[in-house]
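# Reading the structure
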Amino acid sequence: MTTLRPRTFKAYAVIEALRSGSEDIRGAVIPFFHPLLAFMNGRTLNPAELAETANDAYAWNLSSDVVEGLIPHFIDQGWVEPLESNDQNAVYQVTCYLPDGAFHSGLTEDLKRLENEFCEYTEKQSPLFFGQRTREDLLSLLLRWVVSLDVYDVEQLRRTVDAGEAADAVEKEGANNRFNTDEQFVCASFTKHLHSLGSPLIEILAHVVQVGLLAEAAEDFARPTTAVKRTTLALYLDAPVAMDLLNISGKEAYQNIRLITDRVKSLGGSLRIFDDSVAEIQRNLRALFRRPTPQRTGPTATAIRKRETLENYVQEVQARPVVALERAGVQVVSRSLDQFPNDHKYFDRDCYRDLYSQIQWHIEDIPRAHDALVVTNIMRMRQGKQTTDLFESGHLLVTRNAILTGAARRVAIDQAKINRYSIGPVVHQRQLATAIWLRAGLKDSERKSIPLHLLLASCERVLQLRPDVVQKARHIAQRRGPDTAEQLDLLLTVDRSTQVLMQKTLNTASVVDEAMFDDVLKSMRESLIAEKAAEFQSNLDAVRREAEAERARLAREAALQASVLESQVSQAQESVSQKEEELSSLTNEDDIAIDALLTFTNGEIVKRRRRSGHFVLAGAIMIDLVLLALTIAYPSPAPALLFLLALLTTAAHLTGKIQDYTGYGVVTRETAEAMLWVEANRRAVEPKLQRVTLDFVDQQFVRTM
């Protein structure tokens, strides 16, 4: 089927979204069979062959029964026609073909770009890996890995001491995981590279993830396919899933599970966790912190190195996990194997022991007992309820352990606790995401987010630093000497250096050897130096930006203050001008008032002098008349002389000469000033008069300034 793959990948990649408004998910799966049937055009339909072709092309796991269930849809599309039919058998002829230009040209170009970028990336990062494959093989590898990602962790399950039934289970459950560690690492690394660049090609890979989600649903079309609006589902979290939700396993894992749990709660469901799972979280975190920092591996250690979570926060979760879970909206449930005897009949101790015996992927007894116990609790709480609808199952454990999912379902069926069509007690996180993606009535943005976050979270899990890689590198470093070992341990605490180690070794222990160790260590040192240099430059740039911003702020403040001061000065000048005008106006008014006062006072002084002169003149005339009368009455020289003297005096007074010589009628300065102040008081201009300097010249007041 190698010749089919390029066309089939184009076929499913061209599907932009699921068929909207359809209550049957098979309507969205049907287009994937179009190119497959086209290669069988004119032949008799063989469901088993078509199922095998689909599994090979799409990394699915379909049976011939599933394909037979799709035949009515093939007939509706006109892709097959019945030749003969009876109650037992039916024969169909394939009448399907692909017209020219069946594939979107724009998408074909995008796929070509994806192929070019993936080839360039692998050639640069992993030349040996690139040289072993053709360009078409690389693109096919990438797309096949994306469609089958996050299903099984076969490598972990192979670490079992018993190679009996557990090994068979691994082979059965891991049939779709056909990728080596280096293949997974390269594909995941490239996907994260596209995401970090914000490349639009990441959208193509997100569409490919939709195919993987459809494969989950296509394996069992007997389940209800109608949209779900409300549910009473109690969803129990396995320990690793709960750690994702607590945001201690990395950003992508948190966002991935958060989309699922938020939607379950919005539909009316609840989140719970068994206290045994809480204890497992504590054990995992204690084991992490017991190891030296350079030897720590796993999602939490990676998240701490990448600063996606704080070590203090993780330590707080380890010390008080119940508080952290309650904050995340997860209720802790305490339940033991001996509690509630009335429920034991739904999954008794024999069922428990049967399941325990099949859990061979754990070496220690405690995790084996945990997995068997939580499944037992779920079955007992269901109290025999069976349903084909995940959202109506009542109680369900969500996990990322696909082997536990299959083992629990097989035991429940073998012990006749459920039928083969019913939902098992455990659901894989990917299957739960599929059910929500197909049936929960998501918005377009949410429909796109689930596949994308599933893709990114899966990449993060593949890109975890493997313990065997660290161990082998440390053994080589220790043989080189304590300085080299100490240097490696220091580098292993830095995320960028560990990324270099994984990139150089493809995260595969078999690649690590003495010959390449020096180059790896040198690259790790250079990456650390480059990171510190970039960090220093970033800090320097930040300081410069802050300094520039501070200078700009000070300049703005100075300009603002200058503007304010200029405005204040302008206002002050305007005020001074206004005051000067007012003062000038007041001064003119004062001058007018003072001049009027002086004119009036000087006039009063003149009037007083005139009154005094008139009084003296009247007296002189009276004396002259008396003396004239005496001269007439008593003609003698003496009266005549006196009369003549008085007459001369009167004449002198009339000419003003007598005042110059005698000073009578003169107003003194003191008298004049008294007259002035009296008049000033009457006119209420005393303050104005005080500001004026006066001289008293020739019986008149004169201003000196």
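Residues numbered from 1 in each chain as written. Predicted model: local features only at pLDDT ≥ 70, side-chain atom pairs only at ≥ 80, totals over all residues. Heavy atoms only, no water.

### Some details on the overall build of the protein
What counts is decided by this rule: Helix numbers and strand numbers start at the N terminus; a helix is a DSSP run of H or I with at least 4 residues, a strand a run of E with at least 2. Whether a residue is buried, partly exposed or exposed follows from its accessible area with a 1.4 Å probe, protein chains only, as a fraction of its type maximum: under 20%, in between, or over 50%, in that order. In this analysis, two residues are considered to be in contact whenever any of their non-hydrogen atoms come within 4.5 Å of each other. Using the Shrake-Rupley algorithm and a 1.4 Å probe, accessible areas are obtained, with residue cover drawn only from the displayed protein chains.
Secondary structure summary: the protein contains 31 helices and nine strands in total. Buried positions account for 46% of the 705 residues belonging to the protein. If you take every contact in the protein between residues at least 6 apart in sequence, the share linking residues at least 24 apart comes to 74%. Taken as a whole, the protein presents about 35,700 Å² of accessible surface, with 52% of it coming from carbon and sulfur.

### Remarks on the sheet that holds strand 3 (residues 234-237)
What counts is decided by this rule: Should DSSP find at least two bridges between two strands, the strands are regarded as paired. Between N-to-C directions, angles cover 0 to 180 degrees, with each direction set by a line fitted to C-alpha atoms, over the stretch in contact for helices.
Taken in spatial order, the five strands make up an open sheet running 5-4-3-6-7, and their pairing is parallel. Both outer strands of the open sheet, strand 5 (330-333) and strand 7 (426-428), are each paired with one neighbouring strand and no more. The sheet shows a mean angle of 35° between the axes of neighbouring strands, direction not considered. Relative to strand 7, strand 6 (residues 395-399) runs parallel, the two sharing three bridges. Counted as the bridge partner of Thr399 is His428 from strand 7. Sheet contacts for helix 15 (residues 275-290): strand 3, strand 4 (270-274) and strand 5; angle to strand 4, the most-contacted strand, approximately 70°. Running over the sheet, helix 22 (residues 429-439) touches strand 3, strand 6 and strand 7 and is turned about 80° from strand 7.

### Considering the pattern of salt bridges
Counted only if it meets this: One speaks of a salt bridge when a side-chain nitrogen belonging to Lys or Arg is within 4 Å of a carboxyl oxygen belonging to Asp or Glu.
According to the stated counting rule, one finds 24 salt bridges in the structure shown. The salt bridge partner of Glu550 is Arg553, with a shortest N-O separation of 2.2 Å. A residue pair is termed a helical-turn pair when its members lie 3 or 4 positions apart in one helix, as Glu550 and Arg553 do in helix 27 (residues 514-633) at three residues. A single salt-bridge network, built from bridges that share partners, covers Arg479, Arg480, Glu514 and Asp518.

### Digging into helix 15
Condition: Given the number of residues in a helix, its expected span is that number minus one, multiplied by 1.5 Å. Each C-beta atom gives one direction from the helix axis, and the arc is the one those directions make.
Helix length check: helix 15, at 16 residues, gives a terminal C-alpha distance of 22 Å against a target of 22 Å (1.5 Å per residue), a fit within 8%. Buried within helix 15 we find Ser277, Val278, Glu280, Ile281, Leu285, Leu288 and Phe289. Mapping the buried residues of helix 15 onto a view down its axis gives an arc of 165°, with all of them on the same face.

### Looking at the packing of aromatic side chains
Cut-off, in case you're wondering: Aromatic pairs are defined between Phe, Tyr and Trp rings, using the six-membered ring for Trp, whenever the two ring centres lie within 6.5 Å; interplanar angles under 30 degrees are classed as stacked, those over 60 as edge-to-face, and all others as tilted.
Summed over the entire model, instances satisfying the criterion amount to seven aromatic pairs. Ring centres of Phe33 and Phe74 lie 5.5 Å apart, and the angle between their planes is 55°; on these two criteria the pair is classed as tilted. Here Phe33, found in the loop between helix 2 (26-29) and helix 3 (34-38), pairs with Phe74, found in helix 5 (residues 64-77); they are 41 residues apart in sequence, far enough to count as distant. When the ring of Phe74 is compared with that of Trp79, the centres are 6.3 Å apart and the planes differ by 35°; the resulting orientation is tilted.

### A few points about the environment of Phe347
Structurally, Phe347 can be placed in the loop between strand 5 and helix 19 (349-358). Along the backbone, Phe347 and Asn377 are 30 residues apart, and their C-alpha atoms lie at a distance of 8.2 Å. Aside from chain neighbours lying at most four places away, what touches Phe347 is Tyr352, Thr376, Met379, Arg380, Val411, Ala412 and Lys417.

### Topic: the packing of helix 15 against helix 17 (residues 311-319)
To be explicit about the condition: An angle below 35 degrees is treated as roughly parallel, one above 145 as roughly antiparallel, one from 65 to 115 as roughly perpendicular, and anything else as oblique. What makes a crossing left-handed is the near helix being turned counterclockwise from the far one by less than a right angle; a clockwise turn instead makes it right-handed. Basically, the charged four are Asp, Glu, Lys and Arg, the nonpolar ten are Ala, Val, Leu, Ile, Met, Phe, Trp, Tyr, Cys and Pro, and anything else, Gly included, counts as polar.
Where helix 15 meets helix 17, the axes come as close as 9 Å, and the angle between the chain directions of the two elements is 135°. By the angle between their directions, the pair helix 15 and helix 17 is classed as oblique. Judged by the sense of rotation from one axis to the other, the crossing of helix 15 with helix 17 is left-handed. Of the residues in helix 17, those in contact with Gln282, Leu285, Arg286 and Phe289 of helix 15 are Glu311, Val314, Gln315, Val317, Gln318 and Ala319. Of the residues that constitute the contact of helix 15 with helix 17, the class distribution is five nonpolar, three polar and two charged.

### Some words on the confidence of the model for the protein
Spelled out, the test is: Confidence of the predictor at the level of single residues is given by pLDDT, which spans 0 to 100.
Looking at the protein, the pLDDT average stands at 78 and 78% of residues meet or exceed 70. Long-range and interchain partners of residues 1-23, a stretch whose pLDDT sits below 50, account for 55 contacts in this model, where long-range means more than four residues apart.

### Focus: the environment of Arg230
Within the fold, Arg230 resides in the loop between helix 12 (202-218) and strand 3. With residues up to four places along the chain from it excluded, the contact list for Arg230 reads Ser266, Leu267 and Gly268.

### Let's talk about the pairing of strand 6
Put simply, the rule is: Handedness of a crossover is defined as follows: orient the strands so they point away from the viewer, and if the path from the first strand over the helix to the second runs clockwise, the crossover is right-handed.
When you tally the buried positions in strand 6, you get five out of five residues, the bulk of the element. Residues His395, Leu397 and Thr399 line one face of strand 6 and the alternating positions Leu396 and Val398 line the opposite face, and both faces are buried. Note: strand 3 against strand 6, four bridges, orientation parallel. Residue pairing for strand 6: Ala234 is matched across the bridge by His395. After leaving strand 6, the chain enters helix 21 (residues 402-414) and then returns to the sheet as strand 7, a path that is right-handed.

### A word on helix 19
Buried residues of helix 19: Cys351, Tyr352, Leu355, Tyr356 and Gln358, and no others. The arc enclosing the buried residues of helix 19, seen along the axis, measures out at 165°, which places them on a common side.

### Focus: the side chain of Glu115
Along the chain, Glu115 falls in helix 6 (residues 105-125). For Glu115, a relative accessible area of 11% gives the class buried. Contacts of Glu115, omitting those with residues within four sequence positions, involve Arg135 and Leu139.

### Looking at the nonpolar core
The condition is simple: Each nonpolar core is a collection of buried residues, namely Ala, Val, Leu, Ile, Met, Phe, Trp, Tyr and Cys, held together in the definition by side-chain atoms within 4.5 Å.
One finds Leu114, Leu142, Trp145, Val146, Leu205, Leu488 and Met524 to be the most contacted residues of the largest nonpolar core, which totals 56 residues. Ranked by residue count, the leading element in this core is helix 8 (residues 135-147), at eight residues.

### Comments concerning the pairing of strand 8 (residues 694-697)
Side-chain alternation along strand 8 places Leu694 and Phe696 on a buried face and Asp695 and Val697 on a face that remains uncovered. The pairing of strand 8 with strand 9 (residues 700-703) spans four bridges and is classified as antiparallel. By the bridge assignment, Leu694 is partnered in strand 9 with Arg703. Counted between consecutive antiparallel strands, the loop separating strand 8 from strand 9 contains two residues, among which Asp698 sits at a positive phi close to 50°.

### As for the packing of helix 8 against helix 11 (residues 181-197)
Axis angle and axis distance: for two packed helices, these are the angle between their axes and the distance between the axes, and together they describe the pair. In the contact formed by helix 8 and helix 11, the axes pass within 10 Å of each other and the chain directions differ by 85°. It follows from the interaxial angle that helix 8 and helix 11 lie roughly perpendicular. Contact residues: Leu141, Leu142 and Trp145 in helix 8; Glu183, Gln184, Cys187, Ala188, Phe190 and Thr191 in helix 11. Taken together, the residues that form the contact of helix 8 with helix 11 break down as six nonpolar, two polar and one charged.

### Thoughts on the environment of Leu45
Assignment of secondary structure puts Leu45 in the loop between helix 3 and helix 4 (47-58). Residue Leu45 is classed as buried on the basis of its relative accessible area, which comes to 8%. Spatially, the C-alpha atoms of Leu45 and Val91 are 7.2 Å apart, while their sequence positions differ by 46 residues. With residues up to four places along the chain from it excluded, the contact list for Leu45 reads Leu37, Leu50, Ile71, Val80, Tyr92 and Val94.

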